[in-house]
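# Residue-level structural notes
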Amino acid sequence: MSVAAIDIGTNSVLLLIAERRGGELVALVERATITRLGQGVDATRALAPEAVERTLACLARYGEELRSLGVERVDAVGTSAMRDAAGGEAFIARARDLLGVAPRVISGSEEAELTYAGALTGLALPARGPRIVFDVGGGSTEIIVGDAGGQVERAVSLDVGSVRLTERHVRSDPPAEAELEAVRADARAALASVPAGPLSGAPTLIGVAGTVTTLAALVRDVVPYDGARVHGARLSGAEVVAITSRLAALPLAARRQLPALDPARADVIVAGSVLIEEILAWASRAAGAPVDLIASDRGVRWGLAERLCTA
């Protein structure tokens, strides 16, 4: 049985078509399209008409692919932008016509559960110790603490993400130092509200979504992008700081020319990278020692597909 999971995020729309083989979920098709549905949502709390049209055009293509492959079960979810913005009802109605199912606007807690379940699939991780999974989206960031058995112990959704932080603070090209400090202060303030402990042992830190995987591809020189090579890549805090500094020093036009970076992500990658720096610092403080970051090429869509296969 084939299933399809669609994650309609603030910055991108992700599609996974998969099937169960020998107890393991295997991807048949993966798609990622940056549509920036959350354009301007932080300021207006409404979906911009042009962002809606870009996203619906993407969903039309995805819907055609689902029908051509005869996918048996489909679920689609919307996250931060659709939670925060007015105008979602009309968008959902049009999306239903394209996909055959109406996208569900999920809560931050459900997003965290799906992220945790999806992020850990296919990774070789320590048999013991706590796991911290974080998902830097365009509009929000989820941080989930769980155990080695896959149980979520606590989760929080923060109102910061790569698009939101860029729209709030970045005006210069390349970003001015004061703008970067404003992004950093905003990220730190959000993370200060997250209870870090108690942790029963040294945590394993896993990051998902496009900002994390892009940084891993840049650091490890994965060109063209290959999710199989990025999935499980380990980055030190020093490597994250170095690539963030490199990106922040480049003007937008130069960032768009980097072969491991999707040009459509180039305008928000700096703010997202600063946020990841701060998450690493937060996790290291919680652990009492520096921690590395393990990149996961999976997330909400994989957790959703697992549910569809077992429903």
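Heads up: the structure comes first, above all this text.
All of the points below concern the structure found in this document.

Analysis parameters
Think of each chain on its own: its residues are numbered from 1, step by step along the sequence as written. Totals for whole chains, interfaces and linings use all residues, but because this is a predicted model, local features are given only for residues with pLDDT of at least 70 and pairs of side-chain atoms are given and counted only at 80 or more. Think of the side-chain values as coming from all heavy atoms in the structure, minus any hydrogens and water. For helices the rule is a DSSP run of H or I covering at least 4 residues; for strands it is a run of E covering at least 2, with both sets numbered from the N terminus onward. Throughout, the radius of gyration refers to the C-alpha atoms, and the reference size of a globule is 2.2 Å times the residue count to the power 0.38. Here's how the labels work: a residue is buried when its accessible area is under 20% of the maximum for its type, exposed when over 50%, partly exposed in between, all with a 1.4 Å probe on protein chains only. The contact rule is simple, with two residues in contact once any of their heavy atoms fall within 4.5 Å. In this tally Asp and Glu are treated as negative and Lys and Arg as positive; neither His nor the chain ends contributes. Throughout, a charge is located at the NZ atom of Lys, the CZ atom of Arg, the CG atom of Asp or the CD atom of Glu. As defined here, a cavity is a set of points on a 1 Å grid over the protein atoms alone where a 1.4 Å probe fits but cannot get out. A pocket is an open set with protein on both sides within 12 Å along at least five of seven lines, and residues line them when an atom is within 4 Å of a point. Grid points are joined across faces, edges and corners, and a volume is the space filled by probe spheres set on the points. As a working rule, the residues Ala, Val, Leu, Ile, Met, Phe, Trp, Tyr, Cys and Pro are called nonpolar, Asp, Glu, Lys and Arg charged, and the rest polar, with Gly in that last group. Two rings from Phe, Tyr or Trp (for Trp, the six-membered ring) form a pair when their centres are within 6.5 Å of each other. A pair whose planes differ by under 30 degrees is stacked, one over 60 is edge-to-face, and the rest are tilted. Distance and angle both matter: a charge sits over a ring if NZ of Lys or CZ of Arg is within 6 Å of the ring centre and within 35 degrees of the ring normal. A strand pair is defined by DSSP finding two or more bridges across the two strands. Every axis corresponds to a line fitted to the C-alpha atoms, with the helix fit spanning only the stretch in contact, and the corresponding angles, defined between N-to-C directions, vary from 0 to 180 degrees. We define a salt bridge as a contact between a side-chain nitrogen of Lys or Arg and a carboxyl oxygen of Asp or Glu at a distance within 4 Å.

### Let's talk about the overall build of the protein chain
- Within the protein chain, the regular secondary structure consists of 13 helices and eleven strands.
- For the protein chain, the C-alpha radius of gyration of 18 Å lies close to 19 Å, the compact-globule estimate for 311 residues.
- With the C-alpha coordinates of the protein chain rotated into their principal frame, the extents come out at 50 × 45 × 35 Å.
- Sorting the 311 residues of the protein chain into buried and exposed places 54% on the buried side.
- Pairs at least 24 residues apart make up 69% of the contacts formed inside the protein chain by residues separated by at least 6 positions.
- Both charge centroids of the protein chain, one from 32 positive and one from 38 negative side chains, sit 1 Å from each other.

### Concerning empty space enclosed by the protein
- Enumeration over the complete set of coordinates arrives at one cavity of 30 Å³ or more.
- Taken as a whole, the largest cavity encloses approximately 40 Å³ of empty space.
- Taken together, T10, G38, V41, D42, A81, G138, V163, R164 and E167 make up the lining of the largest cavity.
- For the lining of the largest cavity, the secondary structure elements donating two or more residues are helix 1 (41-44) and helix 6 (162-169).
- Ranked by residue count, the leading element in the lining of the largest cavity is helix 6, at three residues.
- Residues that form the lining of the largest cavity fall into these classes: three nonpolar, three polar and three charged.

### Some remarks on the packing of aromatic side chains
- For the structure shown, the criterion picks out zero aromatic pairs.
- Taking NZ or CZ as reference, R298 lies 3.8 Å from the ring centre of W302, over its face.

### Overview of the sheet that holds strand 6 (residues 131-136)
- With mixed pairing, the six strands of this open sheet are ordered in space as 8-7-6-9-11-10. Looking at strand neighbours, the two that pair on one side only are strand 8 (152-158) and strand 10 (234-235), the edges of this open sheet.
- Along the sheet, helix 12 (residues 269-287) contacts strand 6, strand 7 (141-146), strand 9 (204-208) and strand 11 (293-296); its crossing angle with strand 6, the most-contacted strand, is approximately 165 degrees.

### Section: the environment of D186
- Inspection of the secondary structure puts D186 in helix 7 (residues 177-191).
- Sequence separation between D186 and L275 is 89 residues, and the spatial gap between their C-alpha atoms is 8.9 Å.
- Not counting residues within four places of it along the chain, the set of residues in contact with D186 comprises V160, L165, R168 and H169.

### Some points on the environment of A187
- If you trace the backbone, A187 turns up in helix 7.
- Taking the C-alpha atoms as reference, A187 lies 22 Å from P251; in sequence the two are 64 residues apart.
- The residues touching A187, leaving out its near neighbours within four places in the chain, are L275 and E278.

### Examining the environment of G88
- On the secondary structure map, G88 appears in helix 4 (residues 88-99).
- Each C-alpha atom of the pair G88 and P130 lies 37 Å from the other, and the pair is 42 residues apart in sequence.

### Describing the pattern of salt bridges
- One pass over the structure, following the stated rule, counts 19 salt bridges.
- R164 serves as the salt-bridge partner of D159, at 1.9 Å between the closest nitrogen and oxygen.
- With its nearest N and O atoms 3.7 Å apart, the salt bridge here joins E181 to R184. Linking E181 with R184, this pair stays in helix 7, spanning three residues, or about one helical turn.
- R184 sits in the buried class, given a relative accessible area of 14%.

### Some words on the pairing of strand 1 (residues 2-8)
- For strand 1, a buried count of seven out of seven residues is recorded, marking the element as mostly surrounded by other parts of the structure.
- Where burial is concerned, the two faces of strand 1 agree: the one with S2, A4, I6 and I8 and the one with V3, A5 and D7 are both buried.
- Between strand 1 and the antiparallel strand that follows it, strand 2 (residues 12-21), lie three residues.
- Sheet topology note: the strand 1/strand 4 (residues 73-78) ladder contains six bridges and is parallel. Each residue of the ladder has a partner; that of I6, found in strand 4, is A76.

### Quick look at the pairing of strand 11
- Every second residue of strand 11 is oriented toward a common face, with L293 and A295 on one face and I294 and S296 on the other, all of them buried.
- Pairing analysis gives four bridges linking strand 9 to strand 11, with the strands arranged parallel. The residue of strand 11 that forms the bridge with I206 is I294.
- Here strand 10 runs beside strand 11; their pairing, made up of two bridges, is antiparallel. Of the residues in strand 11, the one forming a bridge with R234 is I294.

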